[in-house]
Amino acid sequence: MKTRPFIRNAVVLGAGVMLALLLAAAGARSQTPPRLALPVDCQPGNTCFVQNYVDHDPSSTWRDYACGARSYDGHDGTDFRVPSMAAVRAGVAVLAAADGVVAGVRDGMKDVSIRETGKEAVKDRECGNGLVLRHADGWETQYCHLAQGSVSVRRGQTVRAGERLGRVGLSGLTEFPHLHLTVRHNGKAVDPFAPSPSAGACSSDATLWDDTAAAALVYRRRVMLNHGFSERVLSMAEVENQQPGEATPTSQSPALIAYVRMIGLEAGDTAHIVLRAPVGTVIAEKLLPALERAQAQTLTLIGRKRPGASWPAGTYRAEYQVTNAGQTVFSQQFSMPMGPVRPGP
């Protein structure tokens, strides 16, 4: 998504003040860009994930800074995604990435996916609830899709790096809960992971992130966003909006379903999922065909109906594996204990 800066109010300064500012800028101005801290209070790779990076391909296709497909055409920022709306309801703070002054603010837009409202409902307000911070030397950061009523700063306010700005939400032009961060220099979008990319390079030695953020934001290929067990088949939207404990299987559930939602699967990836009973026997198995192209997100489910009066007590396990060109490129197991049938009153 290409984001637009908020409209700023012009400020008229007296001649003496303006001259003092110009002299100070001429004497002490530095071209060093800001060092950016993590702009969201989460653990990358655990409680939040980078869904999309800046698009580095000038054509109608797209490419992220690591030559992967984790972007889309014209995307000008970094999307920090939380795993579900349950995380949004619990509250994930958006933080100032660097010291700055609030140049523009918007709040009051509803948290709702454009799948429900359509793009026209947010025309000219694609950023949703959010704000712009102005930094030194023509740098600025923009924070989009914040939760309704959560923006906690005002225009003209000075903030420090790490200060709370609001909460991750689902406002504006978005289909999933996340913070969209755009970094600009003199009005032009800059990728904080590769501010000065070399032509054709698939990595970058330079970064705008500080050491702590850079270590946390290592590039991850193929990420498991959600996994678990359900007593019924879930849609992508249901996984996104699921309440904790909702549809959790019991010994009396009519079916037992294991599900996995992934982001960043690549062309040629083949997924294999197995569901095992407590004694280790396979009760369901699925091998998917190799992907023809990269997928932003995928949902894989496997399961079976209850075989008798109740599910046997014990621990049920699911095994998920992705291979590409004969090599295992991702694998993870997860499990769920099933208690015995409770006697009636």
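## Some details on the sheet that holds strand 16 (residues 314-324)
Next, step 1: On the basis of which strands lie adjacent, the open sheet formed by four strands has the order 14-13-16-17 and antiparallel pairing. Whereas interior strands pair on both sides, the edge strands pair on one side only; in this sheet they are strand 14 (282-287) and strand 17 (327-338). On average, adjacent strands in this sheet sit at an angle of 10 degrees to one another, irrespective of strand direction.
Next, step 2: Relative to strand 17, strand 16 runs antiparallel, the two being bridged by 11 bridges. Of the residues in strand 17, the one forming a bridge with T315 is P337.

## Examining the pattern of salt bridges
Next, step 1: Taken as a whole and judged by the stated rule, the model has 12 salt bridges.
Next, step 2: The shortest N-O distance in the salt bridge between E238 and R232 comes to 3.1 Å.
Next, step 3: Classification of E238 by relative accessible area gives partly exposed; the value is 32%.
Next, step 4: One connected set of salt bridges, linked through shared partners, spans R221, R222, E266 and D269.

## Details of the pairing of strand 11 (residues 223-230)
Next, step 1: In terms of burial, strand 11 is a largely internal element, seven of the eight residues being buried.
Next, step 2: Of the pairings in the sheet, the one linking strand 11 to strand 12 (residues 255-265) comprises seven bridges and is antiparallel in character. Residue V223 lies in a different strand from strand 12, and its bridge partner there is I263.

## Points about unusual backbone geometry
Next, step 1: The phi torsion at C67 lies on the positive side, around 65 degrees, for a residue other than glycine.
Next, step 2: On the basis of relative accessible area, C67 is assigned to the partly exposed category, the value being 30%.

## Things to note about the nonpolar core
Next, step 1: The biggest cluster of nonpolar side chains holds 41 residues, and the ones touching the most others in it are V40, F80, Y143 and L165.
Next, step 2: Put simply, the parts of the chain that give this core at least two residues each are helix 2 (85-90), strand 5 (129-134), strand 6 (139-146) and strand 9 (178-185).
Next, step 3: Within the second largest apolar cluster, 23 residues are counted, among which are L265, I302, Y316 and F334.

## Some details on the packing of aromatic side chains
Next, step 1: Counting across every chain of the model gives 10 aromatic pairs.
Next, step 2: When the centroid spacing of 5.2 Å and the interplanar angle of 15 degrees are considered together, the rings of Y65 and F193 count as stacked. With Y65 in the loop between strand 1 (49-52) and strand 2 (78-81) and F193 in the loop between strand 10 (188-190) and helix 4 (211-216), this pair connects stretches of sequence that are 128 residues apart. For the pair formed by Y65 and F193, the shared burial category is buried.

## A few points about the environment of G326
Next, step 1: As for its placement among the helices and strands, G326 is situated in the loop between strand 16 and strand 17.
Next, step 2: Take G326: its relative accessible area is 70%, and that puts it in the exposed class.
Next, step 3: Considering only alpha carbons, one finds G326 and D269, 57 residues apart in sequence, at a separation of 9.6 Å.

## Things to note about the sheet that holds strand 15 (residues 295-305)
Next, step 1: Pairing in this open sheet of three strands is antiparallel, and the strands run 11-12-15 from one edge to the other. In this open sheet, the two strands that pair with only one neighbour each are strand 11 and strand 15. Strand-to-strand twist in this sheet, taken as the mean axis angle between neighbours without regard to direction, amounts to 10 degrees.
Next, step 2: When strand 12 meets strand 15, the two strands line up antiparallel, connected through 10 bridges. Bridging across to strand 15, A258 finds its partner in I302.

Criteria and thresholds
- Residues numbered from 1 in each chain as written.
- Predicted model: local features only at pLDDT ≥ 70, side-chain atom pairs only at ≥ 80, totals over all residues.
- Heavy atoms only, no water.
- Pairing = 2+ DSSP bridges.
- Helix = DSSP H or I, 4+ residues; strand = E, 2+ residues; numbered from the N terminus.
- Axes fitted to C-alpha atoms, helices over the stretch in contact; angles between N-to-C directions.
- Salt bridge = Lys/Arg side-chain N within 4 Å of Asp/Glu carboxyl O.
- Buried < 20%, exposed > 50% of the residue type's maximum accessible area, 1.4 Å probe, protein only.
- Core = buried A, V, L, I, M, F, W, Y, C linked by side-chain atoms within 4.5 Å.
- Phe/Tyr/Trp six-rings, centres within 6.5 Å; stacked < 30°, edge-to-face > 60°.

Honestly, that's just the spatial picture; any functional story needs more than this.
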